[in-house]
Amino acid sequence: MEHGEGDSPTAAEKKGAAEEDDFGYRLFPDRNKKPQSFLVRSLFTFHNRCQVMLRMTLETNPYAQLLLEAMKQSGCTVFNDRHFSCENCDGCVSGGFDAATSQAGIVLCQNNIRQQSHMNRVVTHELIHAFDHCRAHVDWFKNVKHLACSEIRAANLSGDCTLMNEIARFKFGLKGHHQICVRDRAIRSILAVRKISKETAEKAVDEVFDACFNDLEPFGRIPHSKADARRAYRDFQNRHRYNANL
Amino acid sequence: QPPRPCEDYWGEWKHCRGLRHAFHHYYAHGELPSCGRWREDYEACRAWERHRAAAAQVPPGLLRHSPAARGCSYGEGYAPVWTLRKRPPPDWYLPLDQDKPN
């Protein structure tokens, strides 16, 4: 399970090294449980709100629309009811991408996502993981470098590390601060779902940072705003013309 | 034909020289952007248009700029971390298995 956006669990939640790595599934206790009845679910406003916000993101947000189009072209059309689920999660996680066989899909933490802008970012972040899963042989569970690469890309391209978001986290910096943020968030995400040492996570991130920070698929640029994302979407749609002329 | 209409190169050059883009580039890369190549590509595109009948090929310079225009965004010169698939994952469309343990 790949931990999406949000803060990693506190130290109290980390288990001893003797236990098996649960790949972060402990954060998503409702995963793989039979869904509750429609009546029960409809009474819970968290679930409704999550569904409504998700729909708004998928229909109007240019980041998400570009990723959906890119995944469709890669052969992985995303269906709302199959590939997304709104669930209650533990801790402060906001979402995750489940890469297990027959389970591949995006989990959104309905109890932790409260604003549309947050939903936009989480969906974009997880769709980047899904896009990587679709286009490449990513060994999510055994190769920390692969996980690190996808986390770097997700932090880089989803808007997680915009200046305003960093200021809201009381992290201040300007010159090249985006890269510092991407590195830190990638390490935190890895530590949330893998029982490895911080040094191992840092080493993996540092080894693949240059290659993965500069892998801007499918955006072609680092989108710092919706306007950038719209520009990237337009370029992506015109790409068939570029390729035909090469 | 060049990979993009000439107006696109002009639009990218104008965007690149804007204050907002300069700020974001400085925030992301620690330096100010250099926009000269967009202008060069625009000039090359216009020159090709003017001499279309005479020119047999699109100037190679127009093909080099912007990985996005080449349909590829991989950082140049970096070894890829993973191998690309030839086909999408086979289980992408399979129904969810509710009883499967994690």
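Residues numbered from 1 in each chain as written. Chains lettered and ligands numbered in written order. Predicted model: local features only at pLDDT ≥ 70, side-chain atom pairs only at ≥ 80, totals over all residues. Heavy atoms only, no water.

Put simply, the rule reads: UniProt positions are given in the numbering used here, feature names are shortened, and annotations may be inferred rather than shown by experiment.
Chain B carries the name Synaptic plasticity regulator PANTS in an unreviewed UniProt entry, which gives Pachyramphus minor as its organism. What UniProt records for chain B under Sequence similarities (unreviewed entry) is the sentence "Belongs to the UPF0545 family."

As recorded in an unreviewed UniProt entry, chain A goes by the name Mitochondrial inner membrane protease ATP23, listed as coming from Pachyramphus minor.

## Quick look at the environment of lysine 226 of chain A
Residue and element names in this part refer to chain A. Here is the rule we go by: Every helix listed is a DSSP run of H or I at least four residues long, and every strand listed is a run of E at least two residues long, numbered separately from the N terminus. Relative accessible area decides the class of each residue, using a 1.4 Å probe on protein chains only: under 20% of the type maximum gives buried, over 50% gives exposed, and in between gives partly exposed. The contact criterion used is simple: two residues touch if any of their non-hydrogen atoms lie within 4.5 Å.
Residue position: lysine 226 is located in helix α10 (residues 226-237). Under the relative-accessibility criterion, lysine 226 is labelled partly exposed at 41%. Lysine 226 sits 153 residues away from glutamine 73 along the chain, and the two C-alpha atoms are 22 Å apart. Sequence-distant contacts of lysine 226, that is, excluding residues within four places in its chain, are made with Asn61, Pro62, Tyr63 and Asn120.

## Structural notes on the state of the cysteines
A covalent bond bridging the sulfur atoms of two cysteines is what the word disulfide describes. Going by this rule: Any cysteine sulfur atom paired with another within 2.5 Å is treated as part of a disulfide.
In the structure shown here, the tally under the stated rule is seven disulfides over all chains. Sulfur-sulfur distance for the disulfide between cysteine 161 of chain A and cysteine 181 of chain A comes to 1.9 Å. Judged by the sign of its S-S torsion, about -80°, the cystine formed by cysteine 161 of chain A and cysteine 181 of chain A is left-handed. Pair noted here: cysteine 161 of chain A is in the loop between α6 (144-157) and α7 (163-168) and cysteine 181 of chain A is in helix α8 (residues 177-193), with a separation of 20 residues, a long-range link. Judged by its relative accessible area of 2%, cysteine 181 of chain A falls in the buried class. Note that cysteine 6 of chain B is cross-linked by a disulfide to cysteine 45 of chain B, the S-S spacing being 1.8 Å. Judged by the sign of its S-S torsion, about -85°, the cystine formed by cysteine 6 of chain B and cysteine 45 of chain B is left-handed. Linking cysteine 6 of chain B in helix α1 (residues 6-17) with cysteine 45 of chain B in helix α3 (residues 36-50), this pair joins segments that are 39 residues apart in sequence. Judged by relative accessible area, cysteine 6 of chain B falls into the buried class, the value being 1%. Here the disulfide map of chain B reads 1-4, 2-3, the bonded cysteines being numbered as they appear in the sequence. Shown here for chain A is a disulfide pattern of 1-3, 2-6, 4-5, 7-10, 8-9, where each number marks a bonded cysteine counted in sequence order.

## Quick look at the packing of aromatic side chains
Residues and elements named next belong to chain B. Applied cut-off: Any two of the Phe, Tyr and Trp rings considered here, Trp counted by its six-membered ring, make a pair once their centres fall within 6.5 Å; the pair's planes then place it as stacked at under 30 degrees, edge-to-face at over 60, or tilted in between.
For the structure shown, the criterion picks out eight aromatic pairs over all chains. Between tryptophan 10 and tryptophan 13, the aromatic rings sit 5.0 Å apart at their centres with planes inclined by 45°, giving tilted as the arrangement. Of this pair, tryptophan 10 and tryptophan 13 both sit in helix α1, three residues apart, which is roughly one turn of that helix. Pairing tryptophan 10 with tyrosine 42 gives two aromatic rings, centres 5.0 Å apart and planes at 55°, and the pair type is tilted. Of the two residues, tryptophan 10 sits in helix α1 while tyrosine 42 sits in helix α3, which places them 32 residues apart along the sequence. Among the residues examined, tryptophan 10 registers a relative accessible area of 32% and is labelled partly exposed. Using a relative accessible area of 15% as the deciding quantity, one classes tyrosine 42 as buried.

## Details of the packing of helix α5 (residues 116-135) of chain A against α6 of chain A
Residues and elements named next belong to chain A. Counted only if it meets this: The angle between two axes is taken between their N-to-C directions and runs from 0 to 180 degrees, where each axis is a line fitted to C-alpha atoms and a helix contributes only its stretch in contact. Any angle from 65 to 115 degrees is called roughly perpendicular, while one under 35 is roughly parallel, one over 145 is roughly antiparallel, and all others are oblique. A clockwise turn of the near helix away from the far one marks a right-handed crossing, whereas an anticlockwise turn of less than a right angle marks a left-handed crossing. Residues were grouped as follows: Ala, Val, Leu, Ile, Met, Phe, Trp, Tyr, Cys and Pro as nonpolar; Asp, Glu, Lys and Arg as charged; and all remaining residues, including Gly, as polar.
Following both chains from N to C, one finds α5 and α6 inclined at 140°, their axes separated by 9 Å at the closest point. The angle between the axes of α5 and α6 places the two elements in the oblique class. As for the relative orientation of α5 and α6, their crossing is right-handed in sense. Only Ser150, Glu151, Arg153, Ala154, Ala155 and Leu157 of α6 make contact with α5, whose side of the interface consists of Thr124, His125, Ile128, His129, Phe131, Asp132 and Arg135. The residue makeup of the contact of α5 with α6, split by class, is five nonpolar, four polar and four charged.

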